[in-house]
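Here are the chains, one letter per residue:
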Amino acid sequence: MVQTPLTGISSGEAARRRSTRVGPSVHGSPTHVSEWRLLLRQLQSPIVLLLVGATVLSMALGEVLDGIIILVITASSAVLGFVQERGAMRAVEDLLALVQVHADVLRDGIEQEVPLDDVVVGDIIMLRPGDVVAADGRVLTSDSLLIDESSLTGESLPVEKQAEESELSSTLTERETTVWCGTSVASGTGMAVVLAVGPDTEFGRIGTRLGAAHVPTSFELGLRRFGFMIMQVAGVLVSAVFVVNVLLHRPIIESLLFSLALTVGLTPQMLPAIVTVTLSRGARRLVQRKVIVKRLDAIEDIGSIQVLCTDKTGTLTEGAVTLDRAVDSTGQPSEVVRVLGWLNASLQRGFVNPIDAAILRTDRPNELDCVRLIDELPYDFTRRCLSVLVERDHHLTLIAKGAVDAVVAKCDLGQDESCTVDTLFQSLSASGYRVLAVATKQLTMPTDKLSEADETRLHLMGFLCFADPPKHDAAAAIAELKALGVATKIITGDNRHAAAHLAKAVGLDFDAIVVGQQVRDATDVELVELSTHGSIFAEIEPLQKERIVAALRRSGLIVGYLGDGINDAPSLRIADVGISVDSAVDVAKHSASVVLLEKDLAVLAEGIRQGREVFANTLKYVQVTISANFGNMISMAVAAAVLPFIPLLPRQILLLNFLSDIPAITIAGDRVDPESVTDPHGWDLTRLRSFMMVFGLISSVFDLTTFAVLRFVVHAGPELFRTGWFIESTITELAVMLVLRTRRRAWRSRPSMTLLLASALVFAVTVGLPFSPL
């Protein structure tokens, strides 16, 4: 039984309960990985473990020095990967702290803001529109509280919650007194006492039953397919080399170690560390450009975006909404309409929004002093209006404000008046105004509670006209996205005339307009065609946004969705890349995988460019490593078949692999040619396989030429042959890295100074090593 005073628990008690809590977070917060676990992760590859086991067996049979050298090299590779990954993971944890979602709780008798994961059993949480519900709880107070439970139940319509008792055995959707962790507040306000947190919540139990299933991104799937390809190639070649050595009657253990070392040499075992370092470096560079990624692999997804769906307010427009004029139903200036709008905006107790803020920035009317709020019907996305019931001079007046079509539909208008109103609305919208209607109704029966039935037979008073001009650089940002191969589509609830006016101003195709009615009437198949050809989606209802994004994805496009409102959360979740802003409501920021510190398409364009640079540098490592390693393996397979001795000792193969990984680490910060980021990208295994074989075989030509010179010209014995080939192989791999890192001619693409210095260092060590005591 939870014991909580109405003033909330104390901060000390909350700290005590938090310290005794066990279990993982269910809010997507970063899980801290211990340093020991991170270090052990570097050695968890089955190939590496098999190599270590064979080395220990070799030491037991007397090859102690060789075994120690192999273990030292293997351990050094693990430490190198550990150091890089540790720094990368810590950096990402610091970045995620910048966009943490909070909950409002009552503690010590006052309202406090705390991270979602700091909420404990017994806390009293405040519930307001846009909030993410931090825990399972029982409703204490409710004022038109509607909760969006789609993330938990799949039901699209919000559920009203009451502070009344209900049967505990009822289903999730029937428990009207309970709010659930992971859901969000659609409208209204309330308070709830926390009954369960973390894995004890309904959301947490579902996550446990599903095994906390993670949906792999396109980047992860590409890495996985690439890994399978490498394992297949390695399995065939290494098995063949081992069989050849055994047929030549070479020692079994030595042949096994040689084959395993070849496998390690072919496998890009530093790839996980390289990917983590590259992505984390990209994340740090992105935050300098006001873009924060909540998952590292989302960086590659940003770079893959082909279509960007966005709203217009604050993204394509200045976002500084101002009330430009108030007019009556004939278009004449009206102070009465402005005052009614002011009363509606100032007395409502729901979600604070830019429209109401713009109204309240105008002069305060004197009438407010003699007006008393009786009740309100909060705004919701079905009614699309907000009504307040006020008492003025002992009379009850309902004041409704909302979308023109929604409010006009509730009014008594004659045919001629309807035509006049429609013409005026179109004219104002075509001038770029965002228009809201204001209507009133005198209630004669005493009442202290509003219902939707009261929002009928209203008297239309006029319109509030808001100005939000296009950003001066919006057209340039859209052009920049287009140059990056990204098509921009506007999805807005505003009417088609206002949307077309803005589209024309920012350089979008204002003729390709799809309206909400078309979306409503279209089947899923028809909507794919509509969504791919439309540039502007106007008069769109919240649930239709999700349908449009899903249709674009079904067409095979990689879709990014930029939104910051309560009704954007479903679309943010379903998009390939959900993008929000730091000033967004909690549920939008929580649903997104990318958060912009500034709502600007130019910032996003830079984020897309950075995402592509990150992928380009990752691909450099992959291409260079697999081609050089494949070439070395082919060369050694040939040499092992024709030489009377093993061409390279296992420790030399591992040392070669280790030395080449040192400059490879620095590829994360390498320069990227501009032409490498002009188009969306992805893993192309066919191209990678061809690249590996073509350039690997070219690399083998150099190896086999060196082999021929050493064997038939210099007449080198085993030691001199291995030393010469070790030096040539390492230097060749360095040269391959500098040449294949760019599609340009090598001298026309300058590598980073770090890569050059690391390559020079490895070159010096490689040449000097045979002459040192080591």
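Residues numbered from 1 in each chain as written. Predicted model: local features only at pLDDT ≥ 70, side-chain atom pairs only at ≥ 80, totals over all residues. Heavy atoms only, no water.

Points about the overall build of the protein chain
The line we're drawing: Labels follow the DSSP assignment, with helices taken as runs of H or I lasting at least four residues and strands as runs of E lasting at least two, numbered in each case from the N terminus. For the exposure calls, accessible area comes from a 1.4 Å probe over protein chains only, and a residue counts as buried if that area is under 20% of its type's maximum, exposed if over 50%, partly exposed in between. The criterion used for residue contact is that any of the two residues' heavy atoms lie within 4.5 Å. Shrake-Rupley sampling with a 1.4 Å probe provides the accessible areas, and residues are treated as covered by the protein chains on show and by no other component.
For the protein chain, the count of helices and strands is 26 helices and 21 strands. Looking at the 774 residues of the protein chain, the share that counts as buried comes to 53%. Residue pairs at least 24 apart in sequence account for 73% of intrachain contacts in the protein chain once pairs closer than 6 positions are excluded. As presented, the protein chain carries roughly 34000 Å² of accessible surface, and 59% of it is formed by carbon and sulfur atoms.

So, the sheet that holds strand β20 (residues 577-581)
Heads up, the condition is: Only when DSSP finds a minimum of two bridges between them are two strands counted as paired. Axis definition: a line fit to C-alpha positions, over the contact stretch in the case of helices; interaxial angles, taken between N-to-C directions, run 0 to 180 degrees.
Pairing within the open sheet is mixed, and its 8 strands lie in the order β8-β21-β20-β19-β9-β16-β18-β17. For this open sheet the edge positions go to β8 (291-293) and β17 (513-515), each flanked by a neighbour on one side alone. Neighbour-to-neighbour, the strand axes of the sheet open up by a mean angle of 20°, direction not taken into account. Bridging between β8 and strand β21 (residues 594-596) involves 3 bridges; their strand directions are antiparallel.

Focus on unusual backbone geometry
Of note, the phi angle at Glu539 is positive, near 55°, even though the residue is not glycine. Residue placement: Glu539 occurs in the loop between β18 (536-538) and α19 (542-554). The phi torsion at His715 lies on the positive side, around 55°, for a residue other than glycine. If you trace the backbone, His715 turns up in the loop between α24 (685-713) and α25 (718-740).

What to know about the packing of helix α15 (residues 474-483) against helix α22 (residues 601-642)
What counts here: Angles below 35 degrees are treated as roughly parallel, those above 145 as roughly antiparallel, those between 65 and 115 as roughly perpendicular, and all remaining angles as oblique. Helix crossings get a hand from a simple test, with the near helix turned counterclockwise from the far one by less than a right angle marking a left-handed crossing and a clockwise turn marking a right-handed one. The residue classification treats Ala, Val, Leu, Ile, Met, Phe, Trp, Tyr, Cys and Pro as nonpolar and Asp, Glu, Lys and Arg as charged. All others, Gly included, are polar.
Between α15 and α22, whose axes approach to 8 Å, the crossing angle comes to 20°. With respect to each other, α15 and α22 are oriented roughly parallel. Pair α15 / α22 crosses with left-handed handedness. Along its contact with α15, which presents Ala477, Ile478, Glu480 and Leu481, the element α22 presents Leu601, Ala602, Ala605, Ile608 and Arg609. Of the residues belonging to the contact of α15 with α22, the class tally is 7 nonpolar, no polar and 2 charged.

Things to note about the packing of α22 against α24
Remark: α22 packs on α24, axes separated minimally by 7 Å, with the N-to-C direction vectors making an angle of 45°. Of the possible angle classes, the one that applies to α22 and α24 is oblique. The way α22 lies across α24 gives a crossing that is right-handed. Considered class by class, the residues forming the contact of α22 with α24 number 16 nonpolar, 8 polar and 2 charged.

With respect to a nonpolar patch on the surface
Note the cut-off: Residues forming no salt bridge and having over 30% relative accessible area are the ones grouped into patches, like charges within 9 Å of each other and nonpolar side chains (Val, Leu, Ile, Met, Phe, Trp, Tyr) within 5 Å. A carboxyl oxygen of Asp or Glu within 4 Å of a side-chain nitrogen of Lys or Arg is what we treat as a salt bridge.
Residues Val694, Phe695, Ile698, Val701 and Phe702 make up a contiguous nonpolar surface patch of roughly 450 Å² in combined accessible area. Relative to the helices and strands, Phe702 resides in helix α24. According to the relative accessible area criterion, Phe702 is exposed, its value standing at 52%.

A few points about the packing of aromatic side chains
Definition in use: Only centres within 6.5 Å qualify two rings of Phe, Tyr or Trp (six-membered ring in Trp) as a pair; their planes then separate them into stacked at under 30 degrees, edge-to-face at over 60, and tilted for everything else.
Counting across every chain of the model gives 4 aromatic pairs. Considering the side-chain rings of Phe721 and Trp725, the 5.5 Å spacing of their centres and the 85° angle between planes classify their relative orientation as edge-to-face. On the criterion of helical spacing, the pair formed by Phe721 and Trp725 is a turn pair, its members being 4 residues apart in helix α25. Both residues of the pair, Phe721 and Trp725, count as buried.

Thoughts on the pattern of salt bridges
A complete count under the given rule lists 24 salt bridges for this structure. The shortest N-O distance in the salt bridge between Asp324 and Arg325 comes to 3.3 Å. Overall, Asp324 belongs to the partly exposed group, its relative accessible area being 41%. A salt bridge links Glu539 to Arg496, with the shortest nitrogen-to-oxygen separation between them at 2.9 Å. In this pair, Glu539 sits in the loop between β18 and α19 while Arg496 sits in helix α16 (residues 496-506), placing the two residues 43 residues apart along the sequence. Arg496 sits in the partly exposed class, given a relative accessible area of 35%.

Side note on the sheet that holds strand β10 (residues 322-328)
Spatial ordering of the open sheet is given by β10-β15-β14-β13-β12-β11, a layout of 6 strands whose pairing is antiparallel. Since the sheet does not close on itself, it has two edges, and those belong to β10 and β11 (371-377), each with one partner. With strand direction ignored, the average angle separating the axes of adjacent strands in the sheet is 25°. Running over the sheet, helix α11 (residues 335-347) touches β10, β11, β12 (385-392), β13 (395-403), β14 (434-443) and β15 (459-467) and is turned about 80° from β15.

A word on the nonpolar core
Let me state the cut-off plainly: Joining through side-chain atoms within 4.5 Å is the link that ties buried Ala, Val, Leu, Ile, Met, Phe, Trp, Tyr and Cys residues into a set, and such a set is a nonpolar core.
Ranked by internal contacts, the top residues of the largest apolar core, which has 80 residues, are Val119, Ile579, Val594, Leu596 and Leu601. In terms of residue count, α22 provides more of this core than any other element does, 6 residues in total. Dropping the residues within four chain positions of it, Ile579 is found in contact with Ile305, Leu308, Tyr561, Leu562, Gly563, Leu572, Ala592, Val594, Leu596 and Leu604. Formed by 27 residues, the second largest nonpolar core is a distinct cluster that contains Val327, Ala400, Phe425 and Tyr433.

Things to note about the environment of Arg18
In this structure, Arg18 sits in helix α1 (residues 11-19). Between the C-alpha atoms of Arg18 and Val119, which are 101 residues apart in sequence, the distance is 7.8 Å. Sequence-distant contacts of Arg18, that is, excluding residues within four places in its chain, are made with Arg107, Asp117, Asp118 and Val120.

Regarding the confidence of the model for the protein chain
This is how it is decided: For every residue, the predictor assigns a confidence score, pLDDT, that lies between 0 and 100.
When pLDDT is averaged along the protein chain, the result is 78; 80% of the residues meet or exceed 70. Throughout residues 166-174 the model reports pLDDT below 50, and contacts reaching past four residues in sequence, or to other chains, amount to 14 contacts. When the criterion is pLDDT under 50, residues 207-215 qualifies, and its contacts beyond four places in sequence or with other chains add up to 4 contacts.

Examining the side chain of Asp356
For clarity, the cut-off: For the purposes of these results, a polar contact is taken to be a pair of N or O atoms within 3.5 Å, where, inside protein, one atom must be able to donate a hydrogen and its partner to accept one; residues adjacent in sequence count only when each atom of the pair is a side-chain atom.
Here Asp356 lies in helix α12 (residues 354-360). When its relative accessible area of 5% is taken as the criterion, Asp356 is described as buried. In this structure the side chain of Asp356 is engaged in a polar contact, spanning 3.0 Å, whose partner is the side chain of Gln348. If we skip the residues at most four places from it in the chain, Asp356 touches Ala345, Gln348 and Lys401.

Considerations on the environment of Val244
Within the secondary structure layout, Val244 lies in helix α7 (residues 218-247). Placed 11 residues apart in sequence, Val244 and Ser255 show a C-alpha to C-alpha distance of 9.2 Å. Beyond its immediate chain neighbours, meaning those up to four positions away, Val244 contacts Ala640 and Ala641.

Observations concerning the pairing of strand β7 (residues 184-196)
Each regular strand carries side chains that alternate between the two faces of the sheet. The element β7 is extensively covered by neighbouring structure, given that 11 of its 13 residues are classed as buried. Bridging between strand β3 (residues 124-127) and β7 involves 4 bridges; their strand directions are antiparallel. Bridging from a neighbouring strand, Ile125 pairs with Ala192 of β7. The pairing of strand β4 (residues 136-148) with β7 spans 10 bridges and is antiparallel. For Asp148, the partnering residue across the bridge sits in β7 and is Ser184.

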